Amino acid sequence: MDVLLAGLSDAFSLVNLLFVIAGVIVGQFVGAVPGIGPVMAMAIAIPFTFFMPTLPAIAFLVGVNKGGLFGGAIPAILMNTPGTPDAAATALDGHPLAKQGKPVKATKMALYSSITGDTFSDIVLITISAPLAVLALKMGPVEIFALMIFAFSVIAGLVGDSMVKGVIAAVFGLLCATVGIDPEHGTPRLYFGFFELFDGLPLAAVAIGMLAVSEILRRLASAGSTPRSAITSLDGDDPTVSRVSWAEYWSCRYVMARGAVIGTVLGAIPGIGSTAAAFMSYASAKQASDEPESFGKGNIKGIAAAESANSAVMGANLIPLLVIGIPGSIAAALLISAFKIHGIQPGPLLFEQQGRLIYGLFGAMILANATNLIVGQFSLRLWTRVISAPESVIFSSALLLCIVGVYMSTGGLFGVAVMLVFAVVGYVMNVFGFPVVVFIIAFFLGGSFETYLTQTMVILDGDLTRMIDYPIAVALVVLALISVWWLGFRKKG
């Protein structure tokens, strides 16, 4: 109880509160700009958190992610251009409703349903993560190694269009993670004469290069200097219909509850993501509706279904991250890098060794939800101006932040060079259909994977047939093989 109260007191401190507010504002801003999104913003922000206390740093990144989940709905509704991929389902009914002269109603329904789904998943995370961590502590290196194999197989199969390309991306990520000193023998590997690589490839440089710079360069090449066409004013909205009444919100309760459950369940499974949750929830709401023909024409329940589901994924993604140290999405993988920057290894021991930090994080997540609601209420008119800004200005500024952030975190131009190399690698992987998500997750988990592999081989004395003595590990390996076969067959990859 003392740890719980100490963690909550840290979460509600003035410093942490200010960073949460700043994170939410940044998240809503980048979400409102099509093409940036919270993932890119988190990648850019990670180096700047290096000099911050641990809890405010993590809370800031969580705020960016939560704010971005709602922010992505703003351009989806006002200009039919989703700010984030998961907001594409929101645009199906959000934009038609905005064109009917109700842009404020559409955006506020997106805000309310987003907060509802997000809060539900946070409650589930807070409730079940500690008991699951206790169970995870009973697993040894052999079981955890098998679990990681199963997680990689699921992620590689669910992300992208080909199982083969997913596996190649995962192997490439693990290979890049071996750069540096061998943890078992202490000898350098794959450093090619660059002594800066003795500690491995810098996490921030790789993440920013793959996720941010590659996308920025692609968008800059096609950016125009003229503002995009959009609904840039909310003044014409009829005040009598602009607000979402309690009756309208309550009429969507079953839709939001279904979406929150779908998002939470899918978010807890690594690799599925919020886009799939949003469309699945939207389809379920349409199928269950008495007026399915009204969907796609400005039905407010369509907005509620999509936003409650895609926002519920965020909290659920942290369940495998905190319990077993395996991220369920890129955003969760970026949080792993932030933890590692501050010398903390996510996993079941985190609750035992860093209980105060974890409960502080839980408190910050609830605080971020409240901040998201308040900021979203008063910032809609500002974001309508943001979405019409020229892409050339926005992405040039973002590129400058990437360079400065990597230079600060790595202490020189070598990190910037690594960032640019992986920007090219990320661009090439996207062109040829290799999932960057799988690479990033495998790269961030590479060190842990190698450690558990070494421990497993020592325990088994190099004889894999002895794994039969570990039934849980055998079951996980069998599930991994089944997932590879089934997902590979489904994708014909």
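Note that this is a predicted model, so its numbers are computed, not measured.

Definitions and cut-offs
Residues numbered from 1 in each chain as written. Predicted model: local features only at pLDDT ≥ 70, side-chain atom pairs only at ≥ 80, totals over all residues. Heavy atoms only, no water. Helix = DSSP H or I, 4+ residues; strand = E, 2+ residues; numbered from the N terminus. Expected span 1.5 Å × (residues − 1). Buried < 20%, exposed > 50% of the residue type's maximum accessible area, 1.4 Å probe, protein only. Arc of directions from axis to C-beta. 1 Å grid on protein atoms, 1.4 Å probe; cavity = no way out; pocket = protein on both sides within 12 Å on 5 of 7 lines; lining within 4 Å. Points joined across faces, edges and corners; volume = space filled by probe spheres on them. Nonpolar A, V, L, I, M, F, W, Y, C, P; charged D, E, K, R; others polar. Disulfide = S-S within 2.5 Å. Salt bridge = Lys/Arg side-chain N within 4 Å of Asp/Glu carboxyl O. Phe/Tyr/Trp six-rings, centres within 6.5 Å; stacked < 30°, edge-to-face > 60°. Lys NZ or Arg CZ within 6 Å of the ring centre and 35° of its normal. Bend = angle between axes of the 7 residues up to and from the residue. Axes fitted to C-alpha atoms, helices over the stretch in contact; angles between N-to-C directions. Left-handed = near helix turned anticlockwise from the far one by under 90°. Contact = heavy atoms within 4.5 Å. Patch = residues over 30% accessible without salt bridge, like charges linked within 9 Å, V, L, I, M, F, W, Y side chains within 5 Å. Areas by Shrake-Rupley, 256 points an atom, 1.4 Å probe, with all protein chains shown as cover. Parallel < 35°, antiparallel > 145°, perpendicular 65-115°, else oblique.

**Q** Give me helix α14 (residues 274-288): which residues, what numbers.
**A** A rise of 1.5 Å per residue sets the reference length of α14, with its 15 residues, at 21 Å; its end C-alpha atoms lie 21 Å apart and thus fit the reference within 8%. Listing the buried residues of α14 in full gives S274, A277, A278, S281, Y282 and A285. For α14, the arc enclosing every buried residue in end-on projection is 130°, short of the 170-degree limit, so these residues lie on one face.

**Q** How would you summarise the layout of surface pockets if you had to cite specific residues and measurements?
**A** The method is simple in principle: a probe with the dimensions of a water molecule rolls over the atoms, and the space it marks as empty is what remains. Size it by volume and the second largest pocket reaches roughly 700 Å³. Of all elements in the fold, only α9 (163-177), β1 (180-181), α10 (203-222), α16 (330-341), α19 (391-410), α20 (413-431) and α21 (436-459) reach the threshold of two or more residues within the lining of the second largest pocket. Counting residues per element, the lining of the second largest pocket draws most heavily on α21, which supplies 4 residues. For the lining of the second largest pocket, the per-class residue count stands at 15 nonpolar, 7 polar and 5 charged.

**Q** Could you give me a rundown of the state of the cysteines, with the residues and numbers involved?
**A** By the definition in use, this model includes 0 disulfides. Unpaired in this structure, C176 has its nearest cysteine sulfur neighbour in C402, at a distance of 19 Å. Judged by its relative accessible area of 0%, C402 falls in the buried class.

**Q** Give a description of the pattern of salt bridges that names residues and reports values.
**A** Applying the stated criterion across every chain, the model contains 6 salt bridges. Here K66 ties to D122 by a salt bridge, and the two come within 2.8 Å at their closest N and O atoms. Here K66 is found in helix α4 (residues 54-71), whereas its partner D122 is found in helix α7 (residues 103-137), with 56 residues between them in sequence. An identical accessibility class is assigned to K66 and D122; each is buried. Across the pair D182 and R189 runs a salt bridge whose closest N-O atoms are separated by 3.9 Å. In this pair, the class of D182 matches that of R189, namely buried.

**Q** So what's going on with the packing of aromatic side chains? Residues and values would help.
**A** Under the definition given, this model contains 16 aromatic pairs. On the basis of an interplanar angle of 40° and a centroid distance of 5.3 Å, the ring pair of F145 and F449 is categorised as tilted. Here F145, found in helix α8 (residues 141-158), pairs with F449, found in helix α21; they are 304 residues apart in sequence, far enough to count as distant. Taken as a pair, F145 and F449 share a single burial class, namely buried. Three or more aromatic residues joined by ring pairs make a cluster, and in this case those are F172, F422, F439, F443 and F444. Looking at K165, its charged tip hangs above the ring of F434, at a distance of 5.6 Å from the centre.

**Q** Kindly report on α21, identifying the contributing residues and their values.
**A** Relative to the 34 Å expected for 24 residues at 1.5 Å per residue, α21 spans 33 Å between its end C-alpha atoms, a close match to the ideal helical length. Helix geometry: α21 is bent most strongly at G446, by close to 55°. With its phi angle positive at about 60°, D461 sits one or two positions after the end of α21.

**Q** Talk me through unusual backbone geometry; I want residue IDs and the actual numbers.
**A** Among all residues save glycine, negative phi is the norm, and among peptide bonds the norm is trans. At L190, a residue that is not glycine, the phi angle is positive and equals roughly 55°. Residue placement: L190 occurs in the loop between β2 (188-189) and α10. Classification of L190 as partly exposed rests on a relative accessible area of 37%. Phi angles above zero are rare outside glycine, and D461 is one such case at about 60°. Within the secondary structure, D461 sits in the loop between α21 and α22 (471-491). Taking the relative accessible area as the measure of exposure, D461 reaches 61% and is therefore exposed.

**Q** Tell me what's going on with the packing of helix α6 (residues 88-99) against helix α15 (residues 300-324), and back it up with residues and numbers.
**A** Between two packed helices, both the angle of their axes relative to each other and the distance between the axes serve to describe the pair. It is at 8 Å that the axes of α6 and α15 come closest, and there the two elements cross at 145°. The two elements α6 and α15 meet at a crossing, and its hand is left-handed. Contacts between α6 and α15 pair A89, T90, D93, G94 and L97 from the former with G302, I303, A306, E307 and N310 from the latter. In terms of residue class, the contact of α6 with α15 is built from 4 nonpolar, 4 polar and 2 charged.

**Q** Account for a nonpolar patch on the surface, with residues named and values stated.
**A** Where nonpolar side chains cluster on the molecular surface, the patch consists of F48, F50, F51, L400, L401, V404, Y407, M408 and L413 and spans about 880 Å² of accessible area. In terms of residue count, α19 provides more of the nonpolar patch than any other element does, 5 residues in total. As for its position among the elements, L400 is in helix α19.

**Q** Can you tell me about the packing of α7 against helix α13 (residues 253-267), naming the residues and giving the values?
**A** Running from N to C, α7 and α13 point in directions that differ by 50°, and their axes come no closer than 9 Å. Classified by the angle their axes make, α7 and α13 are oblique. Note on packing geometry: the crossing formed by α7 with α13 is right-handed. Contact residues: M109, S113, T116, G117, F120, S121 and V124 in α7; M256, A260, V261 and T264 in α13. The class makeup of the residues in the contact of α7 with α13 is 6 nonpolar, 5 polar and no charged.

Keep in mind these values describe shape, not function.
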